[in-house]
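# Coordinate inspection notes
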Amino acid sequence: TDIKGSGLLYGTLEKPGISIKADITSLPFSDLKSYWPGQFGAGAYNWIYENIEAGIVPTGELNISIKPEMWTGDGNGLPADSFTFDFEVDKIKAHYLRPMPVLSNISGNAQLNLRSFALTTTGGKIADLSIKKADLLFTDLDVKNKGAADINIELDGTVEEILRVIDFQPLG
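Residues numbered from 1 in each chain as written. Predicted model: local features only at pLDDT ≥ 70, side-chain atom pairs only at ≥ 80, totals over all residues. Heavy atoms only, no water.

## Thoughts on the sheet that holds strand 1 (residues 2-11)
Just so we agree on the cut-off: Two strands are counted as paired when DSSP detects at least two bridges linking them. Note on conventions: DSSP H or I runs of at least 4 residues are helices, E runs of at least 2 residues are strands, and numbering of each starts at the N terminus. Axes here mean lines fitted to C-alpha atoms, for a helix over just the part in contact, with angles spanning 0 to 180 degrees between N-to-C directions.
Read across the sheet, eight strands follow the order 1-2-3-4-5-6-7-8 without closing on themselves; strand pairing throughout is antiparallel. At either end of the open sheet lies a strand with only one pairing partner, and these are strand 1 and strand 8 (148-156). Each strand axis lies, on average, 10° off the axis of its neighbour in the sheet, ignoring direction. Note that strand 3 (residues 52-66) and strand 4 (residues 83-94) share eight bridges and pair antiparallel. Bridge pairing links Ile56 to Asp90 in strand 4.

Okay, structure coming up:
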């Protein structure tokens, strides 16, 4: 993993101003948890921790911009865009809607903030199907048991295999 960036901390310890910009390369998803303080964007952090099993971030850009007056005490009231991470993904293995079959060998581009996670894939697999393209948007990650998903997947495979995959709960 290579991280290069700059930052500025100002204000008080109780309500710090934080400005960080960083370029990240070759970051395994398994290491992301050790770089991301989980109290910020806990919903997004927990979703990634629970659902992405493997993969790497070949390149990414992290931006944190928190002004002292944004602090509400618990960190949960921060604007969604006070933390953004735009990145490429490769060889991702992830659960997108349990207990649906796992996505594997996913490549593409993603955007993460304190409230949502968006992924546009350029390849991958689900069961025996090839994913030609997929757009996944998970919103309200910061609200326990209220998250929503908008999932569009273009698949290549037999009708029987597609029907088998969509027969899994919660769709089937």
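## Considerations on empty space enclosed by the protein
Rules: Points on a 1 Å grid over protein atoms alone make up a cavity when a 1.4 Å probe fits among them but cannot get out, and a pocket when they form an open set with protein on both sides within 12 Å along at least five of seven lines; lining residues each have an atom within 4 Å of a point. Grid points are joined across faces, edges and corners, and a volume is the space filled by probe spheres set on the points.
For the coordinates displayed, the defined rule picks out two cavities of 30 Å³ or more. As for the largest cavity, its lining consists of Phe29, Trp47, Ile52, Val89, Ile92, Ala94, Tyr96, Leu103, Phe117, Leu119, Leu136 and Phe138. At the level of elements, strand 4, strand 6 (117-126) and strand 7 (129-139) are the ones that each hand at least two residues to the lining of the largest cavity. When residues in the lining of the largest cavity are grouped by element, the largest group, three residues, is from strand 4.

## Concerning the layout of surface pockets
Each pocket or cavity is described by its volume, and for the second largest pocket that value is around 340 Å³. Together, 19 residues line the second largest pocket, and Tyr35, Pro37, Leu62, Ile64 and Phe83 are the ones closest to its centre.

## A word on the pattern of salt bridges
Two side chains bearing opposite charge may form a pair once their charged atoms approach each other closely. Let me state the cut-off plainly: Salt bridges are defined as contacts in which a side-chain nitrogen from Lys or Arg sits within 4 Å of a carboxyl oxygen from Asp or Glu. Think of it in three bands: with a 1.4 Å probe and only protein chains considered, a residue is buried below 20% of the maximum accessible area for its type, exposed above 50%, and partly exposed in between.
Here the structure, examined in full by the defined rule, presents five salt bridges. Here Lys132 and Glu154 are joined by a salt bridge, their closest N and O atoms 3.9 Å apart. On the criterion of sequence distance, the pair formed by Lys132 in strand 7 and Glu154 in strand 8 is long-range, its members being 22 residues apart. For Asp135, the salt bridge identified is with Lys133, shortest N-O distance 3.3 Å. Taking relative accessible area as the criterion, Lys133 reaches 38% and is therefore assigned partly exposed.

## Section: the environment of Met70
Counted only if it meets this: Contact criterion: two residues are considered in contact whenever any of their non-hydrogen atoms come within 4.5 Å of each other.
Here Met70 shows up in the loop between strand 3 and strand 4. Taking the C-alpha atoms as reference, Met70 lies 9.2 Å from Ser82; in sequence the two are twelve residues apart. Residues within four places of Met70 in sequence aside, it is in contact with Ser65, Leu78 and Pro79.

## A word on the nonpolar core
Cut-off, in case you're wondering: Nine residue types can take part in a nonpolar core, namely buried Ala, Val, Leu, Ile, Met, Phe, Trp, Tyr and Cys, and a core is a set of them joined through side-chain atoms within 4.5 Å.
If you look at the biggest cluster of nonpolar residues, it comprises 41 residues, and the most contacted ones within it are Phe29, Phe85, Phe87, Leu112 and Phe117. Among the secondary structure elements, those contributing two or more residues to this core are strand 2 (16-28), helix 1 (29-35), helix 2 (42-51), strand 3, strand 4, strand 5 (103-113), strand 6 and strand 7. By residue number, the principal contributor to this core is strand 4, which donates six residues. Leave out the neighbours within four places in its chain, and Phe29 touches Ile48, Ile52, Gly55, Ile56, Val57, Phe87, Val89 and Ile92.

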